[in-house]
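Letter by letter, the chains look like this.
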Amino acid sequence: MVHTSAHAAHPTVPLRPMTVPAHEAADRSRAFHAVMARRRTVRDFDSRPVPDTVVDWAIRTAATAPSGAHVQPWRFVVITDPDRKRRLREAAEAEEREFYERRASAEWLEALAPLGTDWRKPFLEEAPVVIVVFEVHKGPQTPRPYYTKESVGIAVGLLLASLHQAGLATLTHTPSPMRFLGEVCERPPEERAAYVIPVGYPAPDARVPDLSRKSLDEVVVRL
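Residues numbered from 1 in each chain as written. Predicted model: local features only at pLDDT ≥ 70, side-chain atom pairs only at ≥ 80, totals over all residues. Heavy atoms only, no water.

Q: Describe the layout of surface pockets, with residues and values.
A: Within this model, the largest pocket holds a volume of roughly 330 Å³. As for the largest pocket, its lining consists of 17 residues, and the residues nearest its centre are Glu96, Tyr100, Leu112, His173 and Thr174. Elements with a minimum of two residues in the lining of the largest pocket: helix 3 (82-103) and helix 4 (106-112). Class assignment of the residues belonging to the lining of the largest pocket gives a composition of 8 nonpolar, 6 polar and 3 charged. Counted as a void, the second largest pocket has a volume near 290 Å³. Surrounding the second largest pocket, 15 residues form its lining, Arg38, Arg39, Arg40, His164 and Pro202 being those nearest its centre. Put simply, the parts of the chain that give the lining of the second largest pocket at least two residues each are helix 6 (148-165) and strand 3 (169-170). (1 Å grid on protein atoms, 1.4 Å probe; cavity = no way out; pocket = protein on both sides within 12 Å on 5 of 7 lines; lining within 4 Å. Points joined across faces, edges and corners; volume = space filled by probe spheres on them. Helix = DSSP H or I, 4+ residues; strand = E, 2+ residues; numbered from the N terminus. Nonpolar A, V, L, I, M, F, W, Y, C, P; charged D, E, K, R; others polar.)

This is the structure:
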């Protein structure tokens, strides 16, 4: 029997689903959670170099994310050059100092207080790798994207998970505004910075805030 549909003119391929026996599914989910529950935002990095292949595979994984109309509106700029990282830090700290000293509300600063953050961002220079993630908008060589922020956000989630699985520490930094990143990373106007992610091994004496995550009952509603 020949099946026809409104999409018959577009090529398709057979789905190759993962087949997980029902009795293994919960164990796999539990094991993945056990790994990811140890993920923490890290601000103290070791100087050990990160293998290029690990970063490349993590970005390949991020690029498997679903995206609006499958436009894949992301660009991952990998920075390892010390001079460029220094320029990045200087520009980011200028914006962050303005934020902490002038733009941030008292309520926002109070919410940040338990994290112990301020305008100083040494990790942008100390981490061996910094990945700057850009949203790719319509340009001379790029199509119009759809659900851009949602698509890039999902990709970044996969990126963080993949790097963590490889034993690497990360931090998700979002300076505002981010226009300076286009210049530092030499990107065209249609590419707009969305995330700055330092990557590396945690320093031997790294410490993190004593925080807790919400319980399942606090984040799930079953209908």
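Back to the text.
Q: Can you break down the environment of Arg39 residue by residue, with the values?
A: You can see Arg39 is positioned in the loop between helix 1 (22-36) and helix 2 (52-62). C-alpha separation for the pair Arg39 and Arg207, spaced 168 residues apart in sequence, amounts to 13 Å. Ignoring anything within four residues of it in the chain, the contact list for Arg39 reads His164 and Arg213. (Contact = heavy atoms within 4.5 Å.)

Q: How would you sum up the packing of helix 1 against helix 6? Please name residues and give values.
A: Interaxial distance between helix 1 and helix 6 falls to 10 Å at its minimum, and their mutual angle equals 85 degrees. Taken as axis vectors, helix 1 and helix 6 run roughly perpendicular relative to one another. From helix 1, Phe32, Val35 and Met36 reach across to helix 6, where they touch Ala161, His164 and Gln165. Considering only residue class, the contact of helix 1 with helix 6 consists of 4 nonpolar, 2 polar and no charged. (Axes fitted to C-alpha atoms, helices over the stretch in contact; angles between N-to-C directions. Parallel < 35°, antiparallel > 145°, perpendicular 65-115°, else oblique.)

Q: A description of the side chain of Ser151 should follow, citing residues and the corresponding values.
A: Secondary-structure assignment places Ser151 in helix 6. A distance of 3.1 Å separates the side chain of Ser151 from the backbone nitrogen of Gly68, its partner in a polar contact. Those residues in contact with Ser151 that lie beyond four places of it in its chain are Pro66, Ser67, Gly68, Pro73, Trp74 and Tyr146. (Polar contact = N/O pair within 3.5 Å; in protein donor to acceptor, adjacent residues only side chain to side chain.)

Q: I'd love a proper account of the pattern of salt bridges, names of residues and values included.
A: Applying the stated rule across the entire model yields 16 salt bridges. Its salt-bridge partner being Arg97, residue Glu101 comes within 3.2 Å of it at the nearest N-O pair. Residue Glu101 and its partner Arg97 are located together in helix 3, separated by 4 residues, close to a single helical turn. Each of the salt bridges in this network shares a partner with another, and the network as a whole consists of Arg97, Glu98, Glu101 and Arg102. (Salt bridge = Lys/Arg side-chain N within 4 Å of Asp/Glu carboxyl O.)

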